[in-house]
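Reading the structure
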Amino acid sequence: MPGLLKGIGSDRAFKGATISALALLAIFFIGIVVSMLAFTDWNTFISALLSEEILFAIRLSLITATIATVIAIMIAIPVAYAISYTKFPGKDLVDSMLDLPIVISPVALGAVLLVFFSTPLGSSIDDNVIKFVFAVPGIILAQVVVISALAIRLLKSTFDSIDPRYEQVGRTLGLSKAKAFIKVTLPLAKDGLIAATILTWARAIGEFGATVILAGATAMKTETLPVSIFLSLASADVEKAMAVIFLLIIIAVIVLLIMRKITKRRYQI
Amino acid sequence: MIEIKDLSIDLSEFHLKNINLSINDREYFVILGPTGAGKTILLECIAGLHKVKQGEIRVNGDNITNLPPEERKIGYVPQDYVLFPFLTVAENIAFGLKEAKYPKTEIKKRVDSLARLMAITHLMNRDTRSLSGGEKQRAALARALALSPKILLLDEPLGALDLQTAKYLRLELKRIHDELGVTTIHITHDQTEAEEIADRLGVLNMGRLEQVGMPDEVFFYPDSEAVSDFIGSPNILECTCCNSLGQGLMEVDCGGLRIIIPHDGNSIERIALFPRDIYISDTQPPGPHMNRFKGIITEIKPYGTTERLLVKVGDKILQAEIPRDISEDMDLIVGKEVFLIFKFKRIKVYECKCNHNEDKKPS
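Residues numbered from 1 in each chain as written. Chains lettered and ligands numbered in written order. Predicted model: local features only at pLDDT ≥ 70, side-chain atom pairs only at ≥ 80, totals over all residues. Heavy atoms only, no water.

**Focus: the packing of helix H2 (residues 42-49) of chain A against helix H14 (residues 238-264) of chain A**
All names here are of chain A. For the pair H2 and H14, the least separation of the axes is 9 Å and the interaxial angle reads 70 degrees. Viewed along their axes, H2 and H14 adopt a mutual orientation that is roughly perpendicular. Residues Thr-44, Phe-45, Ala-48 and Leu-49 of H2 lie in contact with H14, whose contacting residues are Glu-239, Lys-240, Met-242, Ala-243, Phe-246 and Leu-247. (Axes fitted to C-alpha atoms, helices over the stretch in contact; angles between N-to-C directions. Helix = DSSP H or I, 4+ residues; strand = E, 2+ residues; numbered from the N terminus. Parallel < 35°, antiparallel > 145°, perpendicular 65-115°, else oblique. Contact = heavy atoms within 4.5 Å.)

Below, the structure is given as structure tokens:
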């Protein structure tokens, strides 16, 4: 091994090692996709995709993920701005705590929410205000809790990259603090905001752990796309599961392509 | 009239201590100081971008210390200009006017006239990111002037430009100032810039305002070591025996050095010359021997990107300042014989007070 870390030979060996890792990973993914394609019978695939249940799941997923994304972004914009631009005691601690939902297992988050709704306060909200437990609002709540931390993180890095002097110049041109934020900082953050929205939306579409605990996995009621995969596999209906998986992959690829386009034309500040 | 009284602020990296300063209406005031002196902080305090807890700032008698920036009506051009990248040049200039809800036709008229004043009419629909440094500077200036502020703050406005553009824009700044009569505070670390453009200037060092005065006063009578250290104290030579040569020239004898000066008038009491206005050559330069003296280097002091050389000429020690790379090219060392050439036009003249002319100021 001594030769591996020294001299010209080591350069080649290092390059070889990294490229082999890349090749192995590619073979792994291609293998999975090919075996999936080989497994799938296209007629069953199409009919599964157009079944009432899957169409319901698509609709429910799109609606809940979109509402959850709007709510999460509305929360994330002021929070991320506050963390990025203002100083307050304990800021580092708050900043770290906000990452908790990213690190903690979604199942645990769902369980925490479920326990909350069994407390007197929680259950009175559940009974009198909005029904969350085992209901569609529960899906949205679970998604919001999981994705808002991601939205905050993404928007904070966007705000961090914007020189505060833009806003300062805006203020010397007659804008109040709030107006300067809307007229100067938000336009500067536009690409980051779009990127954060798309990524959190994609994450909401894929959310399963917290959703299944809080909203349950009831077919045609709280059945989002990931829940649908779970239900199909549980009843050994592999074609149906495959159809949904393909759908999710297509959504993911579209999201990644859009992201690539956005990050390429980001303002150079 | 801008009055700053006992202003102190501490921002961990930079601070200001007990700043007292008043700036007259329509004055072009330059704040001169080395990097890190706190110049930008002072400007930002006037613009209202920092919370000032000690001291106060008054404009025409009104206390504006706690006024938010949007209510101060002060134009501000930060370093690097900070044009809005999501707007075109025209939209950048119109930004403040739009916000103040001016009618559309009036905005267009104002933007057009500013574009003409700045000579940027051909750039109005351009993306700000595609502009050159000088063009950005003009666009930012137009944006700051759009709301017709009474006060204009310029943070190192020529710092990021190449020498040619900077020189040209310097004249432009002065022209625009004279045309609009806007009280201007301009900060820079460049002495030549300060000297050429300032009505008055203040030297800021380590958060303290060391000296305020007309450029000649500050440059020729630095009243603290910090100022003379930053500026490089001038060579002052007492003159005897003045001899008018006609054609606006006068020959003087300064302790053995015979110097020819462009001067037409009373006899000269003494002359002054900045270290940066003395050329140094290690070989005998060709041409006439006018204002050229042989000397021996007695000391070399590095200062920033330049070197200050003490050269013994006859029984006098003169100070010269040259860029470090040139000094290294000539291989200058203590004890070496060099030739000093005075920049003819940069020699400042002090006339005799024995005459009736009471103007003692340098001409």
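**Brief notes about the domain arrangement of chain B**
Residues and elements named next belong to chain B. For chain B, the assigned domains are domain 1 (2-231) and domain 2 (236-351). At the junction of the two partners, domain 1 supplies 10 residues and domain 2 supplies 10 residues. Roughly 940 Å² of surface becomes buried between domain 1 and domain 2 when both sides are summed, with 44% attributable to carbon and sulfur atoms. If you sort the residues of domain 1 by the area they bury against domain 2, Glu-195, Phe-220 and Tyr-221 come out on top, with a joint share of 52%. Inspection of the region where domain 1 meets domain 2 yields 2 salt bridges. Ionic pairing is found between Arg-276 and Glu-195, a salt bridge with its closest N-O pair at 3.6 Å. In this assembly, domain 1 and domain 2 are joined by 2 residue pairs in polar contact (both at pLDDT 80 or more). Mapped onto the side of domain 1 that touches domain 2, the elements with two or more residues apiece are helix H6 (191-197), helix H7 (215-220) and helix H8 (225-231). (Domains from an automatic or database assignment. Buried area = accessible area lost by both parts, 1.4 Å probe. Salt bridge = Lys/Arg side-chain N within 4 Å of Asp/Glu carboxyl O. Polar contact = N/O pair within 3.5 Å; in protein donor to acceptor, adjacent residues only side chain to side chain.)

**Section: the packing of aromatic side chains**
Here the structure, examined in full by the defined rule, presents 14 aromatic pairs over all chains. The interplanar angle of 70 degrees and the centroid separation of 4.8 Å between the aromatic rings of Tyr-81 of chain A and Phe-181 of chain A together place this pair among those described as edge-to-face. Taken together, the residues Tyr-81 of chain A in helix H3 (residues 52-85) and Phe-181 of chain A in helix H10 (residues 177-188) connect sequence positions 100 residues apart. Across this residue pair, the class does not change: Tyr-81 of chain A and Phe-181 of chain A are buried. Relative to Phe-132 of chain A, the ring of Phe-117 of chain A has its centre 5.1 Å away and its plane inclined at 25 degrees; by these criteria the two rings are stacked. Pair noted here: Phe-117 of chain A is in the loop between helix H6 (106-116) and helix H7 (120-128) and Phe-132 of chain A is in the loop between H7 and helix H8 (136-160), with a separation of 15 residues, a long-range link. Taking the relative accessible area as the measure of exposure, Phe-117 of chain A reaches 7% and is therefore buried. Grouping aromatic residues by their ring pairs yields a cluster made of Tyr-81, Tyr-85, Phe-159 and Phe-181 of chain A. Residue placement shows Arg-276 of chain B over the ring face of Phe-219 of chain B; its charged tip is 5.9 Å from the ring centre. Seen from the ring of Phe-274 of chain B, Arg-276 of chain B lies directly overhead, with NZ or CZ sitting 4.8 Å from the centre. (Phe/Tyr/Trp six-rings, centres within 6.5 Å; stacked < 30°, edge-to-face > 60°. Buried < 20%, exposed > 50% of the residue type's maximum accessible area, 1.4 Å probe, protein only. Lys NZ or Arg CZ within 6 Å of the ring centre and 35° of its normal.)

**Topic: the domain arrangement of chain A**
Along its sequence, chain A is organised into domain 1 (1-39) and domain 2 (41-264). A straight line from the C-alpha centre of domain 1 of chain A to that of domain 2 of chain A covers 34 Å.

**So, unusual backbone geometry**
Residues and elements named next belong to chain B. In this model, Asn-60 sits at a positive phi of 50 degrees, which is unusual for a non-glycine residue. You can see Asn-60 is positioned in the loop between strand E4 (54-59) and strand E5 (62-63). Asn-60 sits in the exposed class, given a relative accessible area of 52%. A positive phi angle, close to 55 degrees, is found at Lys-73, a residue other than glycine. Within the secondary structure layout, Lys-73 lies in the loop between E5 and strand E6 (74-77). The class of Lys-73 is exposed, set by a relative accessible area of 63%.

**Examining the pattern of salt bridges**
Overall, the coordinates contain 30 salt bridges over all chains when judged by the stated rule. The salt bridge partner of Asp-126 of chain A is Lys-131 of chain A, with a shortest N-O separation of 3.1 Å. We classify Lys-131 of chain A as partly exposed; its relative accessible area is 45%. As a salt-bridge pair, Arg-258 of chain B and Glu-251 of chain B come within 3.4 Å of each other at their nearest N and O atoms. Here Glu-251 of chain B falls in the buried class, since its relative accessible area comes to 17%. Connected through shared salt-bridge partners, Glu-195, Arg-276, Asp-277, Lys-343 and Arg-346 of chain B make up one network.

**Digging into the sheet that holds strand E13 (residues 249-254) of chain B**
All names here are of chain B. The strand order E12-E13-E14 describes an open sheet built from 3 strands, whose pairing is antiparallel. Two strands lie at the open edges of the sheet, namely strand E12 (240-246) and strand E14 (257-262), each paired on one side alone. Sheet twist, expressed as the average angle between the axes of neighbouring strands with direction ignored, equals 25 degrees. Here E12 pairs with E13 via 4 bridges, running antiparallel. Bridge pairing in E13 places Ser-244 opposite Met-250. (Pairing = 2+ DSSP bridges.)

**Thoughts on the interface of chain A and chain B**
Many authors give the size of an interface as the accessible area that is lost as the parts come together. Each side of the interface is counted separately: chain A has 18 residues, and chain B has 23 residues. Contact between chain A and chain B buries roughly 1900 Å² in total, counting both sides, with carbon and sulfur atoms accounting for 66%. Its largest share of buried area at the contact with chain B, chain A owes to Arg-165, Thr-172 and Leu-173 of chain A, together 33% of the area lost on that side. Counting every contact that joins chain A to chain B gives 4 salt bridges. As a salt-bridge pair, Glu-70 of chain B and Arg-171 of chain A come within 2.6 Å of each other at their nearest N and O atoms. The interface formed by chain A and chain B contains 4 residue pairs in polar contact (both at pLDDT 80 or more). Every element with two or more residues in the side of chain A that touches chain B is listed here: helix H9 (164-172) and H10 of chain A. Residue composition of the side of chain A that touches chain B, grouped by class: 8 nonpolar, 5 polar and 5 charged. (Nonpolar A, V, L, I, M, F, W, Y, C, P; charged D, E, K, R; others polar.)

**Topic: the nonpolar core**
The biggest cluster of nonpolar side chains holds 56 residues, and the ones touching the most others in it are Phe-159 of chain A together with Ile-4, Leu-16, Ile-19, Phe-84 and Leu-153 of chain B. Apart from the residues lying within four places of it in its own chain, the contact partners of Phe-84 of chain B are Tyr-166, Val-169, Gly-170, Leu-173 and Val-184 of chain A together with Asn-92, Phe-95, Thr-128 and Arg-143 of chain B. Listed in part, the 51 residues of the second largest apolar core include Ala-94, Leu-158, Val-227 and Phe-274 of chain B. (Core = buried A, V, L, I, M, F, W, Y, C linked by side-chain atoms within 4.5 Å.)

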